[in-house]
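Remarks on the overall topology
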Amino acid sequence: MRADRVRMLRRIVSAIRAVAGMPDYDAYVAHFRRCHPERPVPSERLFYDQFVESRYGDGPTRCC
Amino acid sequence: MLLKLAWLVLGLGGAGAWGVLALHRGETISAAWLVLAAVGTYLVAFRFYSRFLADRVFGLNDRRATPAERLANGRDFVPTTRWVLFGHHFAAIAGAGPLVGPVLAAQFGYLPGTIWIVFGVVLAGAVQDFIILFGSMRRDGKSLGQMAKEETGAVTGVLAMLAVLAIMVILLAVLALVVVNALKDSPWGVFTILCTIPIAVLMGFWMKVWRPGRTLEASGVGVVLLMASLVGGRYVAESATLAPLFTWSAPTLAYAVIAYGFIASVLPVWMLLCPRDYLSTFMKIGTILLLAFGILLVMPPLRMPAITRFVDGTGPVFAGKLFPFAFITIACGAISGFHALVASGTTPKMLIRESDARLIGYGGMLMESFVAVMAMCAAALLDPGIYFAINAPLATLGGTAASAAEVIRGWGFTVTPEQITGLAREVGEQSLLGRAGGAPSLAVGMAHILSGAFGRSLMPLWYHFAIMFEALFILTTVDTGTRVGRFMLQEVVGHVWEPLGRTSWYPSTILASAAVVGGWGYFLVQGVTDPLGGINSLWPLFGISNQLLAAVALCVGTTILIKAGKARYAGVTLGPLAWVLLVTLTAGWQKVFADDPRLGFLAHAAQVTQQLAAGAIEPARAARLVFNDRLDAVVALAFMLVTVLVVAASAREWVLVLTRRKPATVKEAPFVETAYAG
């Protein structure tokens, strides 16, 4: 029951973050383990840095 | 059967609301009718027209894997559920445009603007967003410029990119001008907006250094601090020692915004730009929901006439007749070329299923149009006299409430000087006269709605909340826009001398940032010192440029359709393209060559020259005004020329394909079957 609620809350939080354009670190870790099992998983700090760089690196993300 | 009945009721409801709008001329009606007519039309259009586009015209196929699935990397190619992506896409496309444009266009009355907002979006704006999102999704998330290059040739690609850069300059200038007009001589507003900078930096350190990636925590803290600074602004405005410190004139504010834009563009993104972006995204979505709720709760009566006498082109807010200027002025709420950049940016990389593009591309734009309808309601619920007191240029109104009331009575609207000063006092400002740009009248309208819904005594707080909310995301557009402009410029000059193209090389970064900031800064200062109030010349220029970009996007869309062998459906983009071209080229031509000095740039230059000859104006000022007029004329002509070239190049391509002199093949990514369970 409690675990359900925690899971629900995490889903809501990650949805709100996604609206602002921020991808989910846990999902990234899952993806990374699946596709690159031989490499060490980047830390959350590194993940955030790379995301910020790529997000604002090219093309407009905001409109008039 | 039941479902069909529901759609019938919905359609009739919308049509009925339009009927009420059409028949109740000359009497006050409730804003609810406007909202009902709009929503009814949206739902019917979404159900039928967008389905036709999705199934027949584009042939969306859920068995085809999207880029988010094929290229998943957990960072930008991330499969995202559709309602979350809808929110994300909407937050990215909605900005100040749909809020400011309708407020300015309310000069013609609420009806012409509303009709264009609603039918324009259904037939043109949402189609453009949808087709570009579709095209980009089928091409691994390529940008509009890349698609133009691949489908219609390198020249078109370069032209499209130049157009984007030039439009960016005008866009940033006019948005910054809106902020300057809203904040001038307003210590409360200036204090609150200044506070957003340290708040954003604090959030930046929070997310980067202290608690990496904790976006929500930091944003929560940011929003709380923002509200505190909003409340604190009142004490600043009432304090005899602090108020003068934060009372800035328009030119001072203009230079401050320019300096801010430059600093934000060269600082690391995580420190200022990214946290501000989060803050403004959450504020934007929250406030728009609040406004929608407020309108439904209060259902304010619309005091503005359905159609005013200013359709003849004599309006004080901006010059020009209903056709074409209502369409130019509404801008983003009905069709916005800029969306083509977002729809070919982050969103196509996040779609899980092809069919989701319908809700997100078409539906997202309907939502933006709904924001424009709400802005129209907020402007039209004001007394027309008050509306014109806020939006007409100071030079027309004279400096005092008494002179303004006199002038406005001359236009046939009743207003007393006491009403004008009383309203300013009510929202906690010294004066609201001559604050063209839409933000203040929208804020007064929003303050009416929100204080009506949540308590009258909070009126000044709601007014400054609305000002802060607009200034916050306009400045976010200014800093992200400057940065994007800087990257584009670096890419262009990188072809000339390679080191200048390195975006991480500091000298190049500083030079390119200074060039972009200098570009829009020049137009901003020009607007601030313009005797007619800069909105009069800059907003139409922005409207024209934005819709010309839409014409470029619709050309790319048409090319995609024709090359995919769907020429029989090309009308869905050719129709809007023809209309947008007609409107913008007429407006551009009039802005340059019209005989009326209020409307035509060249006529205004001639008028200034005459005044100079008569000794009525000092030579230095005259020279500057004449130069600015000619510059604006050249800019308008350049926009028109670039667009005509793009259309001509595209048309040539269409003819070649249709006459089978060129193979009808599109450069789509190959089909891959999805691994998701059907």
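On a predicted model such as this, the values are computed, not experimentally measured, just so you know. (Residues numbered from 1 in each chain as written. Chains lettered and ligands numbered in written order. Predicted model: local features only at pLDDT ≥ 70, side-chain atom pairs only at ≥ 80, totals over all residues.)

Quick notes on the overall build of chain A
- Looking only at helices and strands, chain A has three helices and zero strands in total.
- Expressed as a percentage of its 64 residues, the buried residues of chain A come to 33%. (Helix = DSSP H or I, 4+ residues; strand = E, 2+ residues; numbered from the N terminus. Buried ≥ 20, exposed ≤ 12 C-beta atoms within 10 Å, placed from the backbone.)

Examining the overall build of chain B
- Across its full length, chain B carries 27 helices and two strands.
- Against the 2.2 N^0.38 benchmark of 26 Å for 678 residues, chain B shows a C-alpha radius of gyration of 24 Å, consistent with a compact globule.
- With the principal axes as the frame, chain B shows a C-alpha extent of 70 × 65 × 60 Å.
- Each of the 678 residues in chain B was classed as buried or not, and the buried ones make up 58%.
- Sequence separation of 24 or more characterises 80% of the internal contacts of chain B that already satisfy a separation of 6 or more. (Rg over C-alpha atoms; globule rule 2.2 N^0.38 Å. Contact = placed C-beta atoms within 7 Å.)

So, the interface of chain B and chain A
- Listed per partner, the contact involves 47 residues of chain B and 31 residues of chain A.
- Only helix H4 (82–93), helix H8 (154–183), helix H10 (215–238), helix H13 (273–298), helix H15 (339–343) and helix H22 (459–494) of chain B provide two or more residues apiece to the side of chain B that touches chain A.
- If one sorts the elements of the side of chain B that touches chain A by residue count, H22(B) sits on top with seven residues.
- Of the residues belonging to the side of chain B that touches chain A, the class tally is 25 nonpolar, 19 polar and three charged. (Nonpolar A, V, L, I, M, F, W, Y, C, P; charged D, E, K, R; others polar.)

Comments concerning H4(B)
- With twelve residues, H4(B) ought to run about 16 Å at 1.5 Å a step, and its terminal C-alpha atoms sit 16 Å apart, in line with that.
- Along H4(B), the positions that sit buried rather than exposed are Leu85(B), Phe86(B), Gly87(B), His88(B), His89(B), Phe90(B), Ala91(B), Ala92(B) and Ile93(B).
- Buried positions along H4(B) lie against helix H1 (2–19) of chain A together with H13, H15 and helix H16 (356–380) of chain B. (Expected span 1.5 Å × (residues − 1).)

Some thoughts on helix H17 (residues 384–391) of chain B
All names here are of chain B.
- Counting buried positions over the eight residues of H17 gives eight, a clear majority of the element.
- Three or more residues of H17 are buried, namely Pro 384, Gly 385, Ile 386, Tyr 387, Phe 388, Ala 389, Ile 390 and Asn 391.
- Residues of H17 that are buried make contact with H16, helix H18 (394–397), helix H19 (401–410), helix H20 (417–426) and helix H21 (439–454).

Describing the nonpolar core
Residues and elements named next belong to chain B.
- If you look at the biggest cluster of nonpolar residues, it comprises 250 residues, and the most contacted ones within it are Ala 173, Ala 176, Val 179, Met 376, Ala 389 and Leu 524.
- At 20 residues, H8 tops the list of elements feeding residues into this core.
- Apart from residues no more than four positions distant in its own chain, Ala 173 is found in contact with Trp 520, Phe 523, Leu 524, Gly 527 and Leu 538. (Core = buried A, V, L, I, M, F, W, Y, C linked by C-beta atoms within 7 Å.)

Observations regarding the packing of helix H5 (residues 97–105) of chain B against H16(B)
Residues and elements named next belong to chain B.
- Closest axis-to-axis distance for the H5/H16 pair is 8 Å, and the angle between their directions is 40 degrees. The angle between H5 and H16 places the two elements in the oblique class. Handedness of the H5/H16 crossing: right-handed. Contacts between H5 and H16 involve Pro 98, Leu 99, Gly 101, Pro 102 and Val 103 from the first element and Glu 368, Val 371, Ala 372, Ala 375, Met 376 and Ala 379 from the second. (Axes fitted to C-alpha atoms, helices over the stretch in contact; angles between N-to-C directions. Parallel < 35°, antiparallel > 145°, perpendicular 65-115°, else oblique. Left-handed = near helix turned anticlockwise from the far one by under 90°.)

Here we look at the environment of Phe282(B)
- As for its placement among the helices and strands, Phe282(B) is situated in helix H13.
- Owing to 21 C-beta atoms within 10 Å, Phe282(B) belongs among the buried residues under this scheme.
- Filtering out sequence-adjacent residues up to four positions away, Phe282(B) remains in contact with Ala20(A), Ser219(B) and Val223(B).

A closer look at the confidence of the model for chain B
- In the predicted model, chain B carries a mean pLDDT of 91, and the fraction of residues at 70 or more is 100%.
- Reported for the predicted complex are a pTM of 0.94 and an ipTM of 0.89. (pLDDT = per-residue confidence, 0-100.)

Some points on the environment of Thr192(B)
All names here are of chain B.
- Counting through the fold element by element, Thr 192 comes out in helix H9 (residues 187–210).
- On the neighbour-count criterion, Thr 192 (29 C-beta atoms within 10 Å) is buried.
- Spatially, the C-alpha atoms of Thr 192 and Leu 226 are 7.6 Å apart, while their sequence positions differ by 34 residues.
- What Thr 192 contacts, discounting residues up to four positions off in sequence, is Ser 229, Leu 230, Gly 233, His 464 and Met 468.

Focus on unusual backbone geometry
All names here are of chain B.
- Residue Pro 324 is reached from Phe 323 by a cis peptide bond, and omega for that bond is 5 degrees.
- Tracing the backbone shows Pro 324 in helix H14 (residues 322–330).
- Although it is not a glycine, Ala 331 adopts a positive phi angle of roughly 50 degrees.
- As for its position among the elements, Ala 331 is in the loop between H14 and H15.

Points about the packing of H16(B) against H21(B)
Residues and elements named next belong to chain B.
- The contact between H16 and H21 brings their axes to 8 Å, and the two run at 85 degrees. Considered as vectors, H16 and H21 are oriented roughly perpendicular to each other. Residues Ala 375, Ala 378 and Ala 379 of H16 pack against Ser 441, Leu 442, Gly 445, Met 446 and Ile 449 of H21.
- Among the residues making up the contact of H16 with H21, the classes are represented as six nonpolar, two polar and no charged.

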